[in-house]
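# Architecture and fold: a report
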Amino acid sequence: MLGLYVLGGAVAAWGLSHLRATQRTRAAEAAFPPEGQFVEVDGTRVHYVTRGKGPDVVLIHGMSGNLRDMTFSLMDRLAQDYRVTAFDRPGMGYTDSLHAGGETLVEQATLLMKASRALGLAQPVVMGQSYGGSVALAWAVEFPETLSALVLVASPSHPWDGGMSWLYRINSHRLLGPLAIPFEAAWVPKSYIKKAIAGVFNPQDMPPGYDAHIGADLTIRPGALRANALHRAGLLDQISAQAQRYSALAMPIELIHGNADDTVPLHIHSEPLAAKCPNAHLTVLEGIGHMPHHAREGAVVEAVHRAHRRAVRS
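This one's a predicted model, so the numbers in the text were calculated from it and none came from an experiment.

## A closer look at the packing of aromatic side chains
Summed over the entire model, instances satisfying the criterion amount to 3 aromatic pairs. Pairing Y48 with F87 gives two aromatic rings, centres 6.4 Å apart and planes at 55°, and the pair type is tilted. Of this pair, Y48 sits in strand β2 (residues 44-51) while F87 sits in strand β4 (residues 83-87), and the two are 39 residues apart along the sequence. With relative accessibility at 10%, the residue Y48 sits in the buried group. For F87, a relative accessible area of 1% corresponds to the buried category. Consider the rings of F201 and Y210, whose centres lie 5.1 Å apart with planes at 80°: the pair is edge-to-face.

The structure is reproduced here in structure tokens:
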């Protein structure tokens, strides 16, 4: 009898959590609606924002985020000289998921490349930050003729030792994820979300107004939590395979990396990539953590300028 009460309580708690998660999702989408427009690629809606005029630049956001990370400040600065397009990656922000299994780097790169071509973006400079840089690398490896240069900001590029956090392990699990995610989406406090966002900027401070702009509540929607965890779960194996092909990259590559980045360490990722690719130029930012495109925005803008100039000359 006790077991039935416990089971009934668990079912009721899960149902209440599912209801509350749905309410929070609706509130998040009302507070942070799509900033841009949609383009359809093979039946998948891709959300994008385009600003400015000039040569094309594509921006790809990192893990646990959406294109609002790019529209906070960087996009407007680049739009003074370029036509800049930022995309939501599949399953994040307002871009549809391709499937329930977690899109690979190549699948994400293929979708964004096709979206770029559908929008008429002509061999853009492709800039990715963190996980978005891994997607940009997949784009360059798979479709080198469709972009002119790469700018990689604090981006994973090589295999590393170590596993995932317990939260990613649970959320990406085939059985535990669908059970746990509604509880997380329903009950995670806003104070925890804000603290997590601020932690990504260490050792720098989060820019004033960033947390209000980014739409962090969009990232705790059940679908986004699941997609994000599955992306992280597949990253190491996909990077390990992808890294075998970097020596064939012939386009200009600009690498921006802080030597205080303890999320994606410089010595594991950008330094080996620079050593492997003669056409890669590495800029190391002293004392800068994982978010150079905010902490040293000017350095990232200059890297885009260099990448474009090098591509024009090549």
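## Description of empty space enclosed by the protein
As enumerated under the stated definition, the model contains 1 cavity of 30 Å³ or more in all. What the largest cavity holds in volume is close to 40 Å³. If you trace the largest cavity, you find it lined by P33, P34, E35, H47, N66, L67, R68, D88, G93, Y94 and L218. Per-class residue counts for the lining of the largest cavity are 5 nonpolar, 3 polar and 3 charged.

## Remarks on the sheet that holds strand β6 (residues 149-153)
Pairing in this open sheet of 8 strands is mixed, and the strands run β1-β2-β4-β3-β5-β6-β7-β8 from one edge to the other. For this open sheet the edge positions go to β1 (37-41) and β8 (280-285), each flanked by a neighbour on one side alone. Neighbour-to-neighbour, the strand axes of this sheet turn through a mean angle of 25°, independent of strand direction. Pairing between β1 and β2: 5 bridges, direction antiparallel. Paired with V41 across the two strands is T44, which belongs to β2. In this fold helix α5 (residues 131-142) packs onto β3 (56-60), β5 (125-129) and β6, with an angle of close to 145° to the strand it touches most, β5.

## Things to note about the pairing of β4
When you tally the buried positions in β4, you get 4 out of 5 residues, the bulk of the element. Sheet topology note: the β2/β4 ladder contains 4 bridges and is antiparallel. Paired with V49 across the bridge in β4 is A86. Sheet topology note: the β3/β4 ladder contains 5 bridges and is parallel. Counterpart to L59 in the pairing with β4 is A86.

## Overview of unusual backbone geometry
With the exception of glycine, most residues fall at negative phi, and the peptide bonds are largely trans. Here the bond from N202 into P203 is cis, since omega is 0°, no more than 30 degrees from zero. Position of P203 among the secondary structure elements: in the loop between α8 (190-200) and α9 (210-214). Notably, S130 is not glycine yet its phi reads approximately 55°, a positive angle. Relative to the helices and strands, S130 resides in the loop between β5 and α5.

Parameters at a glance
- Residues numbered from 1 in each chain as written.
- Predicted model: local features only at pLDDT ≥ 70, side-chain atom pairs only at ≥ 80, totals over all residues.
- Heavy atoms only, no water.
- Phe/Tyr/Trp six-rings, centres within 6.5 Å; stacked < 30°, edge-to-face > 60°.
- Helix = DSSP H or I, 4+ residues; strand = E, 2+ residues; numbered from the N terminus.
- Buried < 20%, exposed > 50% of the residue type's maximum accessible area, 1.4 Å probe, protein only.
- 1 Å grid on protein atoms, 1.4 Å probe; cavity = no way out; pocket = protein on both sides within 12 Å on 5 of 7 lines; lining within 4 Å.
- Points joined across faces, edges and corners; volume = space filled by probe spheres on them.
- Nonpolar A, V, L, I, M, F, W, Y, C, P; charged D, E, K, R; others polar.
- Pairing = 2+ DSSP bridges.
- Axes fitted to C-alpha atoms, helices over the stretch in contact; angles between N-to-C directions.
- Contact = heavy atoms within 4.5 Å.

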